Amino acid sequence: MEPLFLAWSYFRRRRFQLCADLCTQILEKSPCDQEPDPALPVSQAAWILKARALTEMVYVDEIDTDQDGIAEMMLDENAIAQVPRPGTSLKLPGTNQTGGPSPTVRPITQAGRPITGCLRSGTQSGRPGTLEQAIRMPRTAYTARPIASSSGRFVRLGTASMLTSPDGPFINLSRLNLTKYAQKPKLAKALFEYIFHHENDVKTALDLAALSTEHSQYKDWWWKVQLGKCYYRLRLYREAEKQFKSALKQQEMVDTFLYLAKVYISLDQPVTAINLFKQGLNKFPGEVTLLYGIARIYEKMNNMSSATEYYKETLKQDNTHVGAIAFIGIDHFYAEQPEVALRFFRRVLQMGVYNCPLFNNLGLCCFYAQQYDMTLTSFERALSLAEDEEEVAAVWYNLGHIAVGVGDMNLAHQCFRLALVSDNNFAEAYNNLAVLEMRRGHVEQAKALLQTASSLIPNLYEPHYNFATISDQIGDLQRSYTAAQKSAAAFPAHMDTKRLIEQLKQHFAVL
Amino acid sequence: MAATSSLQADGDKGKSSEASSKWLNAVSDPMTNIHTFPACMALADLHGDGEYELVVGDLGPDGRQPRLKVLKGTVLRESPLPALPAAAVTFLMESHEPQTPAVAIASGPCVYMYKNLKPYFKFSLPPLPVNPLEQDVWNQAKEDQIDPLTLKEMLEGIREKAEVPLSVQSLRFLQVELSEMEAFVNQHKSKSIRRQTVITTMTTLKKNLADEDAVSCLVLGTESKELLVLDPKAFTILAKMSLPSVPVFLEVSGQFEVEFRLAAACRNGSVYMLRRDSKRPKYCIELSAQPVGLVLVHKVLVVGSNQDSLHGFTHKGKKLWTVQMPAAILAMNLLEQHSRGLQAVMAGLANREVRIYQDKALLNIIHTPEAVTSLCFGRFGREDNTLIMTTQGGGLIMKILKRTAVFGEGGGEADPLLSQPVKLNVPRKTRIYVDQTLREREAGTAMHRTFQADLYLLRLRAARAYVQALESSLSPVSVTAQEPLKLHAVTQGPRPPRGRSRLLSPALPLPLSWPQSRARSPAASFHMGPQTSLQKWGPAPRSSPWDVSSQEPGGGLLRSLFTSVTAGSPRGSDCPGQGWGRPGTTQAQGGRGALRHPDLKVLRPPTSSQRLPEVCGLIHLGF
């Protein structure tokens, strides 16, 4: 068979490694692989194909891979308003100005946001207040935060691709004559993607994109989008915005809307992003990614009612959208309708997902919907399916809740301890263990555990409140007051805390 | 008839507050010497000349000189009353022109009717049946068969036993001194004894038309626990209703010949509702305290209680709301602004305020120099919206509502005390839930068995895992109280890719069965691996970040940090491992030592307010 055709066939069957190998063989026949001869279209085609195959191997969808690094977190100067008005910013974790669910009803994550249904980058972290919080690893995140986003995942991708070619890089970037390639639009696009995704050399990619745009007399929207992507990677948000807007003017594409919205989110302008998505929806009615984008922004802003609305709309368009199903399921669970949540999680199970978190959720839903025969079986399966320590910890933690519900305090104690064995930083488990210790009358131990819990996640109000209650009971009013203040800061609307503070103030006034 | 009140020009002082206030000060005279209560105040156009006058049944400064006072403009006329007034109303007796309303003053057992301010008619309540035993005794006294002392003894016997109470004459006889008895008997023995009841409250009820100028009946409440409706012309009793207790406040709506509802607040702390055709109360509202006022606002019955609160009730006795007042309620009346269709309740409080409420909403607060004991609102002179108040010291205050003033809901301050419970947003029961309950009903036993079996398995599994964790010393918290120790490692900064350094994953294997000798040595250290070492600090609890840098193959800087490993040594105990540490606190040693063995009896049991966070880790679907 014609080797190039075979390579092309491999490419279409997504056998990229075979395709790349074959292309290498073809290119070895024509020595000038660095600079394909225009007279030899076969070698040129093979060169493009190889570049594309290598790109596809490491290709990551740019839209969702967004993890802010420590540098961006702490040295963020892009946000327009330093003290934003409520409801216009994503930077206010743990507070409920926009009518989010109460932490008494729906627990919060480490970053102080209500628990979401789906693990994705960005939702776990939130924005830390201090450097210490920023460098501490979130409990349920899989990797630590990178120092800066440019040094995070992308560097690893780049290095990984370097290792795969033992004879050195396919294209030596430093030797490229970018001006020449920019003259050939078809070649240039493949080359750009290779540079951007495979080599992860954003600066060179930017140069190429700039030259190509110039060559196309600023009429090619694709190049403008690529320019925008490069600027975004370099954190030049305003330039990126300009490029994306210009591209949108020429050609409205779903991708471009998503990229531009991402820029706005980075600039902490969620309302603008939502408006942009809505504008996109006018052009592409019912587009799932746009609907989902809106829902996610609302969710980040703690506006759960609007988020639910858009998640439901997403599900109407795409009834296999796992993120939307998970969110609505969780929402029903915390809205005291576990039987409905159970339906949603069963739907996920029917779609072929078979993992620990899902069975954990199924077990919880079964328990609270009073389908007791299924409960423990589900947890059993979740435990056996658990892939890492954090998942094991979470399952034991939830089993602890079941044990509390059943009334077996000994079992609950063991479960929470096992959660701590698997994950030493499980603040919620520390708190619950402290409550159990308190019931046994071990005041000092309870206090120590509560202190650990509150130092691990300062956003949780429960440890602070419990500590305040215990201190109040043993007569340590000063510490009780301090802890109650912290609890009030974490959850200003908590009635019990308010009452406790009032009581303490009266005490102090009397003394 | 001296003019005791004087019109005052708006005072210079407080002009700024005057401008923002809804009221114009018309009269403020502390020396009018009017002592009355809301039931004894009425406003009416007594002469048919369009000038409304104020009729007051005045109790007198010490309650001894009851007078009828009529204030027209600034001219006060008065005439003495035979007894203390219980209520004063004005009503129309006939429908033909010229319509001049009559004034009715209820006083003792009589109602005195005045027309054109001249005595017109006196209606007396029918006498009650006299106790025949008492009658006999007095008859004997009349015929001089018994001496006064025997009479007294017999009367006292009757008073204690008989169901029908004694007459006023007998009661007064029982009060007189020995020396005066003879004279009293001689003076009174010839009179026939009578037993009279007393009017406690009075109001008016339209006879057959709902118009403003329709003929009204009088409704009387008596001490004998009865309600009477009087015909306005013939003054015959049209209807008689009995109550379980003595009525003190009456409110009426409707017309006598069509349909009416009567609400009577009684001395036993209940409000009874009566309808036209009911001889007995139809509904009863049992208040938790004594009523101090009763006002009908639209269809809501507002009751003031002596627990400093206003309660709103429907006609059927359903409680709508409660508003707490800052002080005791002294007087209550209706504020009705016809031009805006506004009806509200005014309440004069002991803290020198008059508060105006529309339902629960506070519309306005008027501050007065003295506590207001009676107040009424209506047309006075030629001014439609006048508020007339009399104060505790006998003063008179009149205020005119500005014509531009609007009592908005938002204009008034929001009531800070939301005593009404907020309705909980409980989700509906879904159909799935109902289906599931059906399944539960059918297969309940099987489900329970499965669950119990699973629970046993779970306990076994948990116990196994627990023992395993103990054996491999994985738990970050020590189990025994003798070795209080807690360790946890925090990785800060970037972590190397997973799987490269299992050793530094949070689950640090820790030897928790700590040798005692080792724990005592202040700087015992042990090594966990090639690149890190853990350290146990000495007795003084402290926590300092402690860096271990290492060059991992793929990673950067590693920081391992112990946040709390402490070994506090409490007083009186030589075990250095005691005491649960708190990072960064050294000053609390004494306090902790003192609380070494807290007396558990003193402790309240952990209340339910200590909460487990509800399913904190409904963990994420990680896709």
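So, how was this worked out
- Residues numbered from 1 in each chain as written.
- Chains lettered and ligands numbered in written order.
- Predicted model: local features only at pLDDT ≥ 70, side-chain atom pairs only at ≥ 80, totals over all residues.
- Heavy atoms only, no water.
- Pairing = 2+ DSSP bridges.
- Helix = DSSP H or I, 4+ residues; strand = E, 2+ residues; numbered from the N terminus.
- Axes fitted to C-alpha atoms, helices over the stretch in contact; angles between N-to-C directions.
- pLDDT = per-residue confidence, 0-100.
- Contact = heavy atoms within 4.5 Å.
- Buried < 20%, exposed > 50% of the residue type's maximum accessible area, 1.4 Å probe, protein only.
- Expected span 1.5 Å × (residues − 1).
- Disulfide = S-S within 2.5 Å.
- UniProt positions renumbered as here; feature names shortened; annotations may be inferred.
- Core = buried A, V, L, I, M, F, W, Y, C linked by side-chain atoms within 4.5 Å.
- Domains from an automatic or database assignment.
- Patch = residues over 30% accessible without salt bridge, like charges linked within 9 Å, V, L, I, M, F, W, Y side chains within 5 Å.
- Areas by Shrake-Rupley, 256 points an atom, 1.4 Å probe, with all protein chains shown as cover.
- Salt bridge = Lys/Arg side-chain N within 4 Å of Asp/Glu carboxyl O.
- Lys, Arg positive; Asp, Glu negative; His and termini not counted.
- Charge placed at Lys NZ, Arg CZ, Asp CG, Glu CD.
- Phe/Tyr/Trp six-rings, centres within 6.5 Å; stacked < 30°, edge-to-face > 60°.
- Arc of directions from axis to C-beta.
- Parallel < 35°, antiparallel > 145°, perpendicular 65-115°, else oblique.
- Left-handed = near helix turned anticlockwise from the far one by under 90°.
- Nonpolar A, V, L, I, M, F, W, Y, C, P; charged D, E, K, R; others polar.

Residue and element names in this part refer to chain B. The 4 strands lie next to each other as β2-β3-β4-β5, forming an open sheet whose pairing is antiparallel. Edge positions in the sheet fall to β2 (41-44) and β5 (75-80), since each has one partner strand and no second. Neighbour to neighbour, the strand axes of the sheet diverge by 20 degrees on average, direction disregarded. As paired strands, β2 and strand β3 (residues 53-58) are joined by 4 bridges and run antiparallel to one another. Counted as the bridge partner of Ala-44 is Glu-53 from β3.

What follows concerns the confidence of the model for chain B. Residue and element names in this part refer to chain B. Residues of chain B with pLDDT of at least 70 account for 72%, and the chain-wide mean is 71. Contacts from residues 495-623, a stretch scored under 50 in pLDDT, to residues over four places away or in other chains number 279 contacts. With a pTM of 0.54, the predicted complex shows an ipTM of 0.78.

Here the focus is the environment of Thr-24 of chain A. All names here are of chain A. With respect to the helices and strands, Thr-24 occurs in helix α2 (residues 16-29). With relative accessibility at 26%, the residue Thr-24 sits in the partly exposed group. The spatial distance from the C-alpha of Thr-24 to the C-alpha of Trp-47 is 8.3 Å, given a sequence separation of 23 residues.

Residue and element names in this part refer to chain B. Located in the positive-phi region is Lys-225, a residue other than glycine, with phi close to 65 degrees. Take Lys-225: it is sitting in the loop between β11 (216-222) and β12 (226-230). Taking relative accessible area as the criterion, Lys-225 reaches 38% and is therefore assigned partly exposed. The phi torsion at Arg-352 lies on the positive side, around 65 degrees, for a residue other than glycine. Within the secondary structure layout, Arg-352 lies in the loop between β23 (342-349) and β24 (353-358).

Next up on the list: the pairing of strand β25 (residues 361-367) of chain B. Residue and element names in this part refer to chain B. β25 sits mainly inside the fold: 6 of its 7 residues count as buried. Across 6 bridges, the pairing between β24 and β25 is antiparallel. Across the sheet, residue Gln-358 finds its bridge partner in β25, namely Ala-361. Between β24 and β25, which pair antiparallel one after the other, the connecting turn spans 2 residues, and Asp-359 there sits at a positive phi close to 50 degrees.

A rise of 1.5 Å per residue sets the reference length of helix α21 (residues 409-422) of chain A, with its 14 residues, at 20 Å; its end C-alpha atoms lie 20 Å apart and thus fit the reference within 8%. Among the residues of α21 of chain A, Leu-411, Ala-412, His-413, Gln-414, Cys-415, Phe-416, Arg-417, Leu-418, Ala-419, Leu-420, Val-421 and Ser-422 of chain A are the ones counted as buried. Elements in contact with the buried residues of α21 of chain A: α20 (389-406) and α22 (427-440) of chain A together with α6 (431-471) of chain B.

What follows deals with the state of the cysteines. All chains considered together, the criterion is met by 0 disulfides over all chains. No disulfide involves Cys-284 of chain B; its sulfur sits 8.4 Å from the nearest other cysteine sulfur, which is in Cys-266 of chain B.

So, about the UniProt feature "repeat: TPR" (unreviewed entry) in chain A. Mapped onto the present numbering, the UniProt feature "repeat: TPR" (unreviewed entry) falls on residues 288-321 of chain A. Helix makes up 79% of residues 288-321 of chain A and strand 0%. Its end C-alpha atoms lie 9 Å apart.

All right, on to the nonpolar core then. By size, the foremost hydrophobic cluster in this structure holds 158 residues, and its most contacted members are Phe-192, Trp-396 and Leu-399 of chain A. Counting residues per element, this core draws most heavily on α20 of chain A, at 9 residues. If you count residues domain by domain, this core takes at least three from each of domain 1 (1-57) and domain 2 (386-510) of chain A. Contacts of Trp-396 of chain A, omitting those with residues within four sequence positions, involve Leu-383, Cys-415, Leu-418 and Ala-419 of chain A together with Leu-458, Arg-461, Ala-462 and Ala-465 of chain B.

Turning next to a negative patch on the surface. Residues and elements named next belong to chain B. Taken together, the side chains of Glu-97, Asp-211, Glu-212 and Asp-213 define an acidic patch exposed on the protein surface. As for its placement among the helices and strands, Glu-97 is situated in the loop between β6 (85-91) and β7 (102-107). Looking at Glu-97, the relative accessible area reads 65%, which means it is exposed.

Attention now moves to the confidence of the model for chain A. With 78% of its residues at a pLDDT of 70 or more, chain A has an overall mean of 81. Note on residues 93-98 of chain A: pLDDT under 50 across the span, and 17 contacts to partners over four residues away in sequence or across chains.

Quick look at the packing of aromatic side chains now. All names here are of chain A. Counted by the stated rule, this structure contains 28 aromatic pairs over all chains. Seen in terms of ring centroids, Phe-257 and Phe-284 are 6.4 Å apart; in terms of plane orientation they differ by 80 degrees. Their pairing is edge-to-face. Taken together, the residues span a long stretch of sequence, with Phe-257 in helix α12 (residues 254-266) and Phe-284 in the loop between α13 (270-283) and α14 (288-300) at a distance of 27 residues. For Phe-284, a relative accessible area of 23% gives the class partly exposed. Ring centres 5.2 Å apart and planes at 90 degrees place the aromatic pair Phe-333 and Tyr-334 in the edge-to-face group.

All names here are of chain B. Those residues of helix α4 (residues 168-175) lying buried are Gln-169, Ser-170, Phe-173 and Leu-174. Buried residues in α4, looked at end-on, bunch into an arc of 135 degrees, giving them a common side. Packing partners of the buried residues in α4 comprise α2 (132-142), α3 (148-161) and α5 (178-188).

On to the pairing of β12 of chain B, then. All names here are of chain B. Most of β12 sits inside the fold, with 4 of its 5 residues counted as buried. Of the pairings in the sheet, the one linking β11 to β12 comprises 4 bridges and is antiparallel in character. From the neighbouring strand, Leu-218 faces β12, where its bridge partner is Leu-230. With antiparallel pairing between neighbouring strands as the criterion, β11 and β12 make up a hairpin whose turn holds 3 residues, including Lys-225 at a positive phi of roughly 65 degrees. Two elements, β12 and strand β13 (residues 237-242), share 5 bridges in a ladder whose sense is antiparallel.

All names here are of chain B. Taken in spatial order, the 4 strands of this open sheet run β22-β23-β24-β25, and their pairing is antiparallel. The open sheet is flanked by β22 (329-337) and β25, the only strands paired with a single partner. The average undirected angle you get between the axes of adjacent strands in this sheet is 25 degrees.

This part is about the packing of α22 of chain A against helix α23 (residues 443-456) of chain A. Residues and elements named next belong to chain A. Packing of α22 against α23 leaves a shortest axis separation of 8 Å and a crossing angle of 165 degrees. With respect to α23, the element α22 is oriented roughly antiparallel. Of the two elements, α22 crosses α23, and the hand of that crossing is left-handed. Where α22 approaches α23, its residues Ala-427, Tyr-430, Asn-431, Leu-433, Ala-434, Glu-437 and Met-438 are matched on the opposing element by Val-443, Gln-445, Ala-446, Leu-449, Leu-450, Thr-452, Ala-453 and Leu-456. Classifying every residue of the contact of α22 with α23 by side-chain character gives 11 nonpolar, 3 polar and 1 charged.

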